[in-house]
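Here is what each chain is made of, one letter per residue.
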Amino acid sequence: QVQLVESGGGLVQAGGSLRLSCAASKRTFSVAWFRQTPGKGREFVARITWGIGTTHYAESVKGRFAISKDDAQNTVYLQMNSLKPEDTAVYYCATSVGITTPFDIRNYDYWGQGTQVTVSS
């Protein structure tokens, strides 16, 4: 079992920034961020591996979001800059135990409770 706790969501104006945190009870293979809006499925945002820190991003956030990790704290961060109203969603972190590809939601075994991000125009 792996417990994940997200924090850092909130309300921000368009063009602003937020940093999300995901504290994990232990390190596995990777941690990803997904987001979900009402009536839609969860969408991949970014992923980082615990080992060498390989990162992957969705095209919609490349150049604006940055995922990073703190091995000592077992924490993964998502720095979100130049936020747009369409970034509004509940953001979830998830972890994959095995060695998996980044984009498929089915590869993730444990999920956090989610944190709301709202970007006003």
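Our structure is the block above this text.
Let us look at the structure shown here. For clarity, every value in this text was computed on a predicted model and none was experimentally measured.

Here's the deal with the pairing of strand 11 (residues 115-120)
Okay, step 1: The two faces of strand 11 differ: Thr115, Val117 and Val119 on one face are buried, but Gln116, Thr118 and Ser120 on the other face are not.
Okay, step 2: Bridge analysis of strand 2 (residues 10-13) against strand 11 gives four bridges, and the strand direction is parallel. When the sheet's bridge partners are listed, valine 12 is paired in strand 11 with valine 119.
Okay, step 3: Sheet analysis places strand 9 (residues 89-96) next to strand 11, joined by three bridges and oriented antiparallel.

Some thoughts on the pattern of salt bridges
Okay, step 1: Evaluation of the coordinates by the stated rule reveals six salt bridges.
Okay, step 2: Here arginine 64 and aspartate 87 are joined by a salt bridge, their closest N and O atoms 2.7 Å apart. Highlighted residues: arginine 64 in the loop between strand 6 (55-57) and strand 7 (65-70) and aspartate 87 in the loop between strand 8 (75-80) and strand 9, separated in sequence by 23 residues.
Okay, step 3: Exposure remark for arginine 64: the relative accessible area of 11% places this residue in the buried category.
Okay, step 4: The exposure class assigned to aspartate 87 is buried, which follows from its relative accessible area of 1%.
Okay, step 5: Salt bridges sharing common partners tie together Arg35, Glu43, Arg64 and Asp87.

So, how was this worked out
- Residues numbered from 1 in each chain as written.
- Predicted model: local features only at pLDDT ≥ 70, side-chain atom pairs only at ≥ 80, totals over all residues.
- Heavy atoms only, no water.
- Buried < 20%, exposed > 50% of the residue type's maximum accessible area, 1.4 Å probe, protein only.
- Helix = DSSP H or I, 4+ residues; strand = E, 2+ residues; numbered from the N terminus.
- Pairing = 2+ DSSP bridges.
- Salt bridge = Lys/Arg side-chain N within 4 Å of Asp/Glu carboxyl O.

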